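Single-letter residue listing:
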Amino acid sequence: MIDVVKEVTEAEKRIRKYIRETPLEYSHFLSQKGDANVYLKLENFQVTGSFKIRGVLNKLLSLSEEEKRKKIITASSGNHGVAFAYATSELGLNGIVFLPENASPAKIKDIEQYNVELKFYGKDIVETEKFAREFAEKNGMIYVPPYNDPKIIGGQGTIGIELERELKEIDAVLIPVGGGGLISGIAGYLKSLNPNIKIIGVQPENSAVMYHSIKAEKILQMISKPTLADGTAGGIEKNSITFDLCKKYVDDFILVSEKEIATAILLMLERHHMLVEGAAALSVAGYLKDSKRFKHKNVVLIISGCRISLNILISLLKSKFPMEE
């Protein structure tokens, strides 16, 4: 198992000048809803609009000079792909992003605004990721995974260092979970400071692969249903290092419905005037679903990113999901 504290500490030194220390904002509305002190860690204000830039930069900056001269590859149609495109462009590296053939035009535009080559393969991102990794290995190139890498985990964990500076006493942190890179980094670092901090993973009921895998004590191959939290959707790579880290550090999971995710997105828009993506709304939805357990506690909700499509937003605004009065 990797030394998370070491990885996070080293990442902090590498990436600090390239990233923003995102605000930790007190939420009066959410605090009143659960009789708690609720703080929002606003990674939606991070460079490229999500926490993903932390891990990508840490991975790229840790490469040797020889490795940096090679072509560097990733596969993603979302926040990881945008972060990779931005970072390789900023660092003057030769980056290639593989996308599924049916990637949305909006996501393609997000990525191609940077100086990066786009290639297309497969009909879904799992197929695309597998092909991209094999393509990199076959051609002697560098592959940058979205979560299954010590340097990616270390970069995401720098959020924990910022939380240490921003809030003296933390009782619980609610974190969106997909492949587990974000929660592994934050949890591994914060638990080293205070083992009593409760780390709660939040997943959509429609794609709770990590939750079910931990219950089964092995990584499961599951078919995910469509979810508004598309940033956390999908399977976990076989033998992913995040699985054991989540087993060790995550105290509990909360699973939320699509209606609860939609309501959380709209609440963030109405009450905090912030546009957040479905995955980022998971922590809010999880808190609202089980707020009684956090009574009188200092709670941090990780708001992981802002990238929501206009079509989805319009659909939600027209929907019958109620906004809180």
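For the structure itself, consult the block above.
If you're wondering where the values come from, they're calculated on a predicted model, not measured in any experiment.

Peer 1: Help me understand the packing of aromatic side chains, please; the structure alone is not making it clear to me.
Peer 2: Aromatic rings in a pair are described by how distant their centres are and how their planes are angled relative to each other. All told, the structure shown has 8 aromatic pairs when counted by the stated rule. Aromatic side chains Y26 and Y39 sit 5.3 Å apart centroid to centroid with 70° between the ring planes, which places their arrangement in the edge-to-face category. Highlighted residues: Y26 in strand β1 (residues 24–26) and Y39 in strand β2 (residues 37–42), separated in sequence by 13 residues. Residues Y211 and F253 carry aromatic rings whose centres are separated by 5.9 Å and whose planes lie at 65° to one another, so their mutual orientation is edge-to-face. One end of the pair, Y211, is in helix α11 (residues 209–216); the other, F253, is in strand β9 (residues 252–256), with 42 residues separating them in the sequence. On the basis of relative accessible area, Y211 is assigned to the partly exposed category, the value being 21%. A relative accessible area of 12% places F253 in the buried class. Among the aromatic residues, ring-to-ring pairing joins F98, Y121, F131 and F135 into one connected group.

Peer 1: How should I be thinking about the sheet that holds strand β4 (residues 95–99) in this particular structure?
Peer 2: In any sheet, the strands associate via hydrogen bonds between backbone groups, in a parallel or an antiparallel arrangement. The strand order β5-β4-β3-β6 describes an open sheet built from 4 strands, whose pairing is parallel. The sheet is open, and its two borders are formed by β5 (117–120) and β6 (142–143), each paired with just one other strand. Sheet topology places β4 next to β5; 4 bridges connect them, and they run parallel. The residue of β5 that forms the bridge with L99 is F120.

Peer 1: Which parts of the structure should I look at to understand the sheet that holds β9?
Peer 2: Pairing is mixed in the open sheet, where 6 strands are placed in the order β1-β2-β10-β7-β8-β9. The open sheet has two edge strands with one neighbour each: β1 and β9. Pairwise comparison of adjacent strand axes, ignoring direction, gives a mean angle of 25° for this sheet. With 5 bridges connecting them, strand β7 (residues 172–176) and strand β8 (residues 198–204) associate as parallel partners.

Peer 1: What exactly am I supposed to notice about the packing of α11 against helix α12 (residues 241–249) here?
Peer 2: In helix packing, the relevant descriptors are the interaxial angle and the interaxial distance, both defined with respect to the helix axes. For the pair α11 and α12, interaxial distance at closest approach is 10 Å and the crossing angle is 75°. As far as their axial angle goes, α12 and α11 are roughly perpendicular. Where α11 abuts α12, its residues M210, S213 and I214 lie against T242, F243, C246 and K247. The residue inventory of the contact of α11 with α12, partitioned by class, reads 4 nonpolar, 2 polar and 1 charged.

What counts as what
In this numbering scheme, every chain counts its residues from 1 along its sequence in written order. Given that this is a predicted model, residues contribute local features only at a pLDDT of at least 70 and side-chain atom pairs are listed and counted only at 80 or more, while totals for whole chains, interfaces and linings are drawn from all residues. Values shown for side chains rest on all heavy atoms present in the structure; no hydrogens or waters enter the calculation. Pairing of aromatic rings covers Phe, Tyr and Trp, the last counted by its six-membered ring, and requires centre-to-centre distances within 6.5 Å; plane angles under 30 degrees mean stacked, over 60 mean edge-to-face, and any other angle means tilted. Strands are runs of DSSP state E lasting at least two residues, helices are runs of H or I lasting at least four, and both sets are numbered from the N terminus onward. Here's how the labels work: a residue is buried when its accessible area is under 20% of the maximum for its type, exposed when over 50%, partly exposed in between, all with a 1.4 Å probe on protein chains only. At least two DSSP bridges between two strands are needed for those strands to be called paired. All axes are obtained by fitting lines to C-alpha atoms, using only the stretch in contact for helices, and the reported angles, taken between N-to-C directions, cover 0 to 180 degrees. Our angle categories are set so that under 35 degrees counts as roughly parallel, over 145 as roughly antiparallel, 65 to 115 as roughly perpendicular, and the remainder as oblique. By the convention used here, residues are in contact when the closest approach between their heavy atoms is within 4.5 Å. When residues are grouped by polarity, Ala, Val, Leu, Ile, Met, Phe, Trp, Tyr, Cys and Pro land in nonpolar, Asp, Glu, Lys and Arg in charged, and all others, Gly among them, in polar.

Any functional reading would require information that these geometric values do not contain.
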